[in-house]
Amino acid sequence: MPELPEVETVRRGLAPHLDGARIEALELNRADLRFPFPPDLARRVSGRRVLTLGRRAKYLLIPLDSGETLILHLGMSGRMIVERGDEAGTMADFHHDVTRLPQHDHVIFRLEGGTRVVFNDPRRFGSLDLWSSDRLDDAPSLATLGIEPLGNALHPEALAALLAGRRTPMKAALLDQRLIAGLGNIYVCEALHRARISPTRPAGALKRREIGALVVAIRDVLAEAIDAGGSTLRDFRHEDGSLGYFQHAFRVYDREGEPCPTPGCRGIVRRLVQSGRSTFHCLECQR
DNA sequence: CTCAGCTCCTGCGGGC
DNA sequence: TGCCCGCAGGAGCTGA
């Protein structure tokens, strides 16, 4: 479920609680999520202190003072919930979070001071791995990732090289984490709409100026989503201590049948299925 | 190498 | 109201 902006929002929300904190115990309520947990995971994490939270694409990175880093993926339905203990040792109120079922609390970080950070994931498409911090790029989940869409690595020349010669539709190319790492179904739809590029266009057929527009669109849509996430984060923390999703004004995603929001465009947002997944786009202004 | 299709799992909303 | 079906924001694997 979460794409790069949501993971970044989770990172920012967790950092005040986890940066520098000592993990008294890592509690595992099962032996696996999408993959088996690494050997002796609880023992290798318990008692360690967290350095500074990081992120790579859709992965949350939790470096420890042991020289190893936790690599956490939220999958489709994963969430991180902060439960702060008060002076009396009770948990913070989180009953507003009606859909959270305790049987999906798979991993619990028990921190010094009584705070608990809970990794809840109903569909269990998430993952948790532990890898040597100085060889993090070799971790199986990170080794094949492409460039970060925020920052300097994404520029028109780089994207042109990635797309050159590919006949796959643009929708699939942007979803491919080996090219650009961090986009998911929503932001691919949104970025292509902003850049006015059809999701069915063969990737290698894009013109230079279209690639330039796409770079801008990707950066803008991700940055705006992160900003929106940051603004809702404060509410989340004060309300119920949970972190995770936020409302974002999508222009085309899940808006089938609505008027195209592009200024001056008379089109209607359409839905099509590409490699089994919904694409939302406008036939009029996306070419 | 590239690419399409299948698969893991649970929850929820729409339609009847 | 209740039941069934389809669909969901990810991504690794298989096989052509």
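Everything here concerns the structure above.
Residues numbered from 1 in each chain as written. Chains lettered and ligands numbered in written order. Predicted model: local features only at pLDDT ≥ 70, side-chain atom pairs only at ≥ 80, totals over all residues. Heavy atoms only, no water.

Caption draft 1: Fine view of the overall build of chain A. The secondary structure content of chain A amounts to 7 helices and 10 strands. Looking at chain A as a whole, 53% of its 287 residues are labelled buried. Long-range contacts, defined as pairs at least 24 residues apart, comprise 67% of the intrachain contacts of chain A with a sequence gap of at least 6. (Helix = DSSP H or I, 4+ residues; strand = E, 2+ residues; numbered from the N terminus. Buried < 20%, exposed > 50% of the residue type's maximum accessible area, 1.4 Å probe, protein only. Contact = heavy atoms within 4.5 Å.)

Caption draft 2: Broad picture of the pattern of salt bridges. One pass over the structure, following the stated rule, counts 20 salt bridges. Arginine 12 is the partner of glutamate 8 in a salt bridge, and the nearest nitrogen-oxygen pair spans 2.8 Å. Of this pair, glutamate 8 and arginine 12 both sit in helix α1 (residues 4-18), 4 residues apart, which is roughly one turn of the helix. Among the salt bridges present, the one from arginine 55 reaches glutamate 8, with a minimum N-O distance of 2.8 Å. Remark: glutamate 8 occurs in helix α1 and arginine 55 occurs in strand β2 (residues 54-56); sequence separation between them is 47 residues. The pair arginine 55 / glutamate 8 is uniform in exposure class, with both members buried. Beyond isolated ion pairs, a larger network of salt bridges with shared partners links Glu8, Arg11, Arg12, Arg55, Arg56 and Glu148. (Salt bridge = Lys/Arg side-chain N within 4 Å of Asp/Glu carboxyl O.)

Caption draft 3: Helix α6 (residues 185-194), seen in detail. Most of α6 is tucked away: 10 of the 10 residues are buried. Backbone geometry just downstream of α6 places arginine 196 in the positive-phi region, at approximately 60°.

Caption draft 4: Inspection of the protein's contact with DNA strand C at higher detail. Within the structure, DNA strand C sits among 19 residues, and Lys58, His73, Tyr253, Arg277 and Ser278 are positioned closest to it. Within 4 Å of the protein, the contacting atoms of DNA strand C are drawn from sugar and phosphate to the extent of 63%. A distance of 3.4 Å separates a sugar or linking oxygen of DNA strand C from a polar atom in the side chain of glutamate 3. In this structure, a base nitrogen belonging to DNA strand C sits 3.1 Å away from a side-chain N or O atom of arginine 123. (Near = heavy atom within 4 Å. Polar contact = N/O pair within 3.5 Å; in protein donor to acceptor, adjacent residues only side chain to side chain.)

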